[in-house]
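Take a look at the letters that make up each chain.
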Amino acid sequence: MAVTAAGSLPAVRYAAFDLDGTLLDTRGRLRPGLADRLAELAASGLAPLVVSGRAVRSFRELALAGLPSSVLADEVLLGDGAVVLRRSTGRVTALRWLPAGIVRTLTDGGARDFVAEAGGELVASSRRAALLYTRMYALGRSVATVDTQPIFACDALTAVTAFDASEDLARQCAARHDTDRVGPFGALLIRPRGTCKASGLATHLAHRTGRPVLDAVTAFGDAFNDACLLAACRLGVAVQGADEVCARCAHVRLDRPLADFLSGFGPERAARLSQAAVSPGTARRGRRGAALCSGAHRRPGQRATPRIRTDDLAVAEDDVPRFRDMAHGTRPSGTRPSGT
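One structure accompanies this document, and this report is about it. Quantities reported herein were computed from a predicted structural model and do not represent experimental measurements.

Digging into the overall build of the chain
Phase 1: For the chain, the helix and strand inventory stands at 11 helices and 14 strands.
Phase 2: A buried classification covers 55% of the 340 residues belonging to the chain.
Phase 3: For the chain, long-range pairs separated by at least 24 residues make up 66% of all intrachain contacts whose partners lie at least 6 apart in sequence.
Phase 4: For the chain, the exposed surface amounts to about 14,500 Å²; the carbon and sulfur share of it is 49%.

This is the structure:
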C-alpha cells in the first residue's frame with residue numbers, strides 16, 4: 001500500500017536507476033542479486049525506471065533491455081534524459097534536440113570524424129569515427145552506420161560525439177550546447193542545451209502523469225551526471241563507490257552493495273529515509289516551481305587532452321562520405337519529435 005508522507009508530498013512511486021556503475025558492472029552485466037531486487041521493488045509499488053547516459057543503440061545491446069515490463073518500466077530515459085525509448089515497440093521520442101546547424105558548425109570547424117545520434121540510430125561521418133566510437137563504448141562495429149542517409153529519416157539530432165574537435169571548436173559549441181570531453185580519446189560530446197537527467201525525468205513524468213515534480217521519485221546513481229537527479233528527487237542515493245560530486249548531492253551514501261540496501265526497500269522506507277535525510281538544502285529541489293537542474297551534473301575541469309591518441313588506431317579506410325555536403329544543404333522537411 002502506498003503511503004503519503006507528511007505534509008503535501010505525494011507517495012513515493014518510482015525508483016530511478018542509472019545503469020553503468022549502479023545497476024551494471026564494468027562488463028555491462030546486471031550486478032548480482034539486482035534482478036530479484038528490481039522485481040521486489042515493482043511488487044512493492046515502487047516502479048523501477050532507467051535514466052542513463054547511454055545511447056539507444058548502446059542500451060539495446062544490453063541483456064537488461066530484455067527484462068519484462070513487470071520488472072522494469074517499458075519506457076527508459078537515455079542520452080542523460082534527452083531521449084525516451086519504449087522497449088516494447090522500439091519507438092524513440094526526443095525530449096530535446098540539437099539545432100539544424102550543428103553538423104555545419106562541426107564541418108566548418110574542421111571536424112571530420114564524428115558520430116551523430118538521430119532517432120535512436122548512430123551515423124558516423126567516417127569509418128574512423130565508427131571505429132573509435134565502438135571501441136570507446138565497447139560495442140559491436142555494426143551499431144554505427146557509415147552513411148548519411150538515415151539522418152534524413154529524422155528531424156533532429158539528439159547527440160554528436162566528435163573525435164577530432166579542436167579546443168576552439170569545443171568552446172564554440174559550449175557557447176550554444178551542453179558539452180563534455182569523454183572517454184579515453186578525449187572526444188567532444190555535444191548534447192542539447194539543458195540536457196540533464198533531472199529535467200528529462202521531470203518532463204517524462206509530466207507527459208505520463210501530469211506532474212512534473214520529482215517528489216514521488218527515489219533515485220540511485222554513482223557519477224557526476226547523476227548529481228542533479230539525486231539532489232532533485234525525494235530521496236537521492238549514491239551507491240557504493242560513487243564519485244564525490246554525486247555523493248555530495250545525495251541524501252544517502254551507501255557503503256555496501258546496492259542489492260543489500262534494496263532488500264526490503266519500498267515506498268514506506270523511501271518516505272521515512274527522505275524525512276530523515278541529512279542534506280536539508282537539497283531534499284526538496286524537485287517540487288513544483290523549483291529549479292530542477294543545479295548544474296552539478298556538469299563535469300568540473302573538462303579534460304582537454306586525450307589519454308589515447310586516435311592516430312594510434314589503425315583504420316582500414318578513412319572515408320568521409322556526404323556529411324560535409326549535407327551540412328551546407330537544405331534540411332529535409334518533417335515533423336519534430338514529440339516533447340518539449
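A short note on the environment of G119
Phase 1: On the secondary structure map, G119 appears in the loop between β6 (114–118) and β7 (121–124).
Phase 2: Each C-alpha atom of the pair G119 and T158 lies 8.0 Å from the other, and the pair is 39 residues apart in sequence.

Topic: the sheet that holds strand β4 (residues 83–86)
Phase 1: Taken together, 3 strands build an open sheet; the order of strands is β3-β4-β5 and the sheet is antiparallel. This sheet does not close on itself; its edge strands, each paired only once, are β3 (75–78) and β5 (92–94). Each adjacent strand pair in this sheet contributes to an overall mean axis angle of 25°, direction not counted.
Phase 2: Summarising the sheet, β4 and β5 pair through 3 bridges and their orientation is antiparallel.

Section: the nonpolar core
Phase 1: One finds F17, F59, L64, F220, L258, L262 and F265 to be the most contacted residues of the largest nonpolar core, which totals 37 residues.
Phase 2: For this core, the secondary structure elements donating two or more residues are β1 (14–17), α1 (34–44), α2 (56–60), β3, β4, β13 (235–238), α9 (258–262) and α10 (267–275).
Phase 3: Top element by residues in this core is α9. It accounts for 4 residues.
Phase 4: Those residues in contact with L262, other than ones at most four positions away along the chain, are F17, L34, R37, L41 and F220.
Phase 5: By size, the runner-up hydrophobic cluster in this structure holds 27 residues, among which are C228, L229, A232 and A242.

Observations concerning the side chain of T218
Phase 1: Mapped onto the elements, T218 comes out in strand β12 (residues 217–221).
Phase 2: Look past the residues within four positions of T218 in its chain and what remains in contact with it is V12, Y14, A15, A16, L235, V237, F265 and A270.

Quick look at the sheet that holds β1
Phase 1: Read from one edge of the open sheet, 5 strands run β2-β1-β12-β13-β14, paired in parallel fashion. Because the sheet does not close on itself, it has two edges, and the strands there are β2 (47–50) and β14 (252–253).
Phase 2: Both β1 and β2 contribute to a ladder of 4 bridges, which runs parallel. Looking at the pairing, A16 lines up with L49 of β2.
Phase 3: Helix α6 (residues 197–209) contacts β1, β2 and β12 of the sheet and is inclined by roughly 145° relative to β1.

Concerning unusual backbone geometry
Phase 1: The phi dihedral of D80 falls on the positive side, at around 55°, and the residue is not glycine.
Phase 2: Here D80 is to be found in the loop between β3 and β4.
Phase 3: Even without being a glycine, A138 presents a positive backbone phi close to 55°.
Phase 4: Looking at the element boundaries, A138 is found in the loop between α4 (127–136) and β8 (144–145).
Phase 5: Exposure remark for A138: the relative accessible area of 71% places this residue in the exposed category.

Rules used in this analysis
- Residue numbers run consecutively from 1 along every chain, following the written order of its sequence.
- Local features in this predicted model are restricted to residues whose pLDDT is 70 or higher, and side-chain atom pairs enter the listing and the counts only when it is 80 or higher, whereas totals over whole chains, interfaces and linings include all residues.
- Computation of side-chain values covers all heavy atoms of the structure but excludes hydrogens and water.
- The way it works is that DSSP assigns letters per residue, a run of H or I at least four long becomes a helix, a run of E at least two long becomes a strand, and they are numbered from the N terminus.
- Between buried and exposed lies partly exposed: a residue is buried under 20% and exposed over 50% of the maximum accessible area for its type, with that area taken using a 1.4 Å probe on protein chains only.
- Two residues form a contact once any of their heavy atoms are found within 4.5 Å.
- Method for areas: the Shrake-Rupley scheme with a 1.4 Å probe, in which residue coverage is limited to the protein chains shown.
- A pair of strands is treated as paired once DSSP finds two or more bridges between them.
- Here an angle of 0 to 180 degrees is reported between the N-to-C directions of two axes, which are lines fitted to C-alpha atoms, with helices fitted over the stretch in contact.
- What we call a nonpolar core is a set of buried Ala, Val, Leu, Ile, Met, Phe, Trp, Tyr and Cys residues that are connected through their side-chain atoms within 4.5 Å.

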